[in-house]
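Fold and contact review
The chain contents come next:
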Amino acid sequence: MAQLWGGRFTKQTDKLVYNFNASISFDQKFYKQDIEGSIAHATMLGKQGIIPESESEQIVEGLKGILADIESGKLEITDEYEDIHTFMEATLIERIGDAGKRLHTGRSRNDQVALDMRLFTRQEVLNTDAELKELMAVILRIMKENTHTFMPGFTHLQKAQPVTVAHHFGAYFEMFKRDRSRLHDIYERMNYCPLGAGALAGTTYPLDRELTASLLGFYGPTLNSMDSVSDRDYLIEFLSALSTIMMHLSRFSEEICIWNSNEYRFIELDDAFSTGSSIMPQKKNPDIAELVRGKTGRVYGALMSLLTTMKGIPLAYNKDMQEDKEGLFDALDTWLDCLHMAALVLDGIQVKRPRCQEAAQQGYANATELADYLVAKGVPFREAHHIVGEAVVEAIRQGKAEISLKGKIRTILLPGKLRRKLLKYAQKQKIASGAIFRTRSGRELSRRQIWAELKGLCKHACVEPSKVFPHNLRHLFATVFYRVCRDIVKLADLLGHSSIETTRIYLVTSGSEHQRALDRLGLVS
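Summarised in this report is the structure supplied together with it. This is a predicted model, so every value here is computed, not measured.

A short note on the packing of aromatic side chains
Applying the stated rule across the entire model yields twelve aromatic pairs. Relative to Phe-252, the ring of Phe-169 has its centre 5.4 Å away and its plane inclined at 70 degrees; by these criteria the two rings are edge-to-face. One end of the pair, Phe-169, is in helix α7 (residues 165-190); the other, Phe-252, is in helix α10 (residues 233-260), and 83 residues separate them in sequence. When its relative accessible area of 1% is taken as the criterion, Phe-169 is described as buried. Measuring from ring centre to ring centre gives 5.8 Å for Phe-169 and Trp-259, while their planes differ by 45 degrees; the resulting arrangement is tilted. Here Phe-169, found in helix α7, pairs with Trp-259, found in helix α10; they are 90 residues apart in sequence, far enough to count as distant. Comparing Phe-169 with Trp-259 shows no difference in burial state: the two are buried. A network of ring pairs unites the aromatic residues Phe-154, Phe-169, Tyr-172, Phe-252, Trp-259, Tyr-264 and Phe-266 as a single cluster. Sitting above the plane of the Phe-329 ring, Lys-29 keeps its charged end 5.2 Å from the centroid.

Now the structure itself:
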């Protein structure tokens, strides 16, 4: 049981206590960072004259030899040592003798482990950013290939408005772009060196903390020694960022599962990234996406574990903080596996363009655009919303999957005097075509019948008849009869399919002109 302490004690540590306290099984992951930090510290000790420069150089060469031997497999890190710091120092002393005993001058394990953890995390932040960049490249390729692939956009998992596949994938591109921004913020805040803080109150040696910070690539030294050895904010921020990334990956995975289902069929997953059923031969399951979704909880758990560990710790260092490592390591391994799998799955998906377009044309996804079109032609939005809503209800009643714009013409023949007034108004307003009012039998209507018909039209247009007739007939005619009805026909021509069942009115002076209007619009009398 090799330890860096013991002079104070009269008994050997109990074996069970030693095993419970030891961290070599997991903190050996820090061997590079521990050597890097020790080289910087030994270099600074020599330059400051705290130890002989010759011994400083001897320590540095010894540490470089240990690193080379670990990486080549010649030297194995064993569990006979309490932690990675003990292993390094003991191995160094074994190799270079008493000079190795000077390495720990002006340094505590508290600031040493704080440094190792910060160096390790800083590199992992950069690695995470690079991995995200690769995933975003895959997403960007899919976006470029599908800028004209239409699909329904959803709210509440119901078809809402038409979008493109590129636009949908672009939403995740933006999420991951924000994730990279968060990683950049973490790097900027954490990139300060805790080495030299000692156990908690610094040291009486004339350390050059600016030099060690510079040698290790930090912006500078941390400013408070007690905070330096007890700060784990950067780990909490990093785990929070990883949790957010996993949340985004999980959402993406959920959509992959939905789109791959028989009910949607928007995509086809590559066989290499799918699995089957032990009993159902036809099954092709999106297990990889489901596992990414499921493993998100493990990363969340690491964040909650560290938050819980840190919440009751007084200043400065406490042994509780040893629990910051295993959760982070597991979270990193989990998220990296998930990201690699997600990138492979996305890279292999086949977008079923015809199916996506077919789905975009169903569910009345163009209803909002139709309402907005009417608004642009002068119809108040609330009225346009109601008109289109009624059209959707009618389409559902008729069992149509689309809103139909090719509706019937309803004609009413007005008495001559009223018709002339409307004609005069239409000519004044330069309305090329307008409305003919006649019954199906061609007979003129009585004033009572006219009133009943106009009230029906008002109801359809969401206008209270008592507020319109007789003084505001021109306003109703202009905003409802002419603009709505004329432009709905134009919209029908534009869209080429579907449409609203509504009353269309054309102002003409004779039956022949009426027929010409119908012929021009491609409608049957």
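Description of the environment of Cys-257
As for its position among the elements, Cys-257 is in helix α10. Sequence separation of Cys-257 and Glu-290 is 33 residues, and the distance between their C-alpha atoms is 7.3 Å.

Section: the pairing of strand β2 (residues 158-164)
Here strand β1 (residues 150-155) pairs with β2 via six bridges, running antiparallel. Directly across from Thr-155, in β2, lies its bridge partner Gln-158. Hairpin remark: β1 followed by β2, antiparallel, with two residues in the connecting loop; positive phi at His-156, about 55 degrees.

Focus on unusual backbone geometry
A cis amide bond, omega 5 degrees, links Leu-315 with the succeeding residue Ala-316. Counting through the fold element by element, Ala-316 comes out in the loop between α11 (287-310) and α12 (324-348). Its identity is not glycine, yet His-156 carries a phi of approximately 55 degrees, on the positive side. Residue classification places His-156 among the exposed positions, given a relative accessible area of 75%. Phi is positive for Leu-157, which is not a glycine, with a value near 60 degrees. Turning to its location among the elements, Leu-157 is positioned in the loop between β1 and β2.

Quick look at the pattern of salt bridges
Opposite charge on two side chains permits them to pair, given that their charged atoms come into close proximity. Applying the stated criterion across every chain yields a total of 21 salt bridges. The residue Glu-55 makes a salt bridge to Arg-102 at a minimum N-O spacing of 2.4 Å. Here Glu-55 is found in helix α4 (residues 53-72), whereas its partner Arg-102 is found in the loop between α5 (84-96) and α6 (109-145), with 47 residues between them in sequence. On the basis of relative accessible area, Glu-55 is assigned to the buried category, the value being 18%. What makes Arg-102 partly exposed here is its relative accessible area of 38%. With a closest N to O distance of 2.9 Å, Asp-231 and Arg-118 form a salt bridge. Of this pair, Asp-231 sits in the loop between α9 (225-230) and α10 while Arg-118 sits in helix α6, and the two are 113 residues apart along the sequence. Its relative accessible area of 13% is what places Asp-231 among the buried residues. Connected through shared salt-bridge partners, Glu-268, Asp-271, Lys-284 and Lys-352 make up one network.

Quick word on the nonpolar core
By size, the foremost hydrophobic cluster in this structure holds 94 residues, and its most contacted members are Phe-87, Ile-139, Phe-169, Phe-176, Leu-249 and Leu-346. Looking at this core element by element, the count peaks at 15 residues for α10. Residues contacting Leu-346, with those up to four places away along its chain left out, are Leu-135, Val-138, Ile-139, Arg-141, Ile-142, Phe-169, Phe-252 and Ile-256.

About the thresholds
Residues numbered from 1 in each chain as written. Predicted model: local features only at pLDDT ≥ 70, side-chain atom pairs only at ≥ 80, totals over all residues. Heavy atoms only, no water. Phe/Tyr/Trp six-rings, centres within 6.5 Å; stacked < 30°, edge-to-face > 60°. Helix = DSSP H or I, 4+ residues; strand = E, 2+ residues; numbered from the N terminus. Buried < 20%, exposed > 50% of the residue type's maximum accessible area, 1.4 Å probe, protein only. Lys NZ or Arg CZ within 6 Å of the ring centre and 35° of its normal. Pairing = 2+ DSSP bridges. Salt bridge = Lys/Arg side-chain N within 4 Å of Asp/Glu carboxyl O. Core = buried A, V, L, I, M, F, W, Y, C linked by side-chain atoms within 4.5 Å. Contact = heavy atoms within 4.5 Å.

By themselves, these are just geometric observations and shouldn't be taken as functional.
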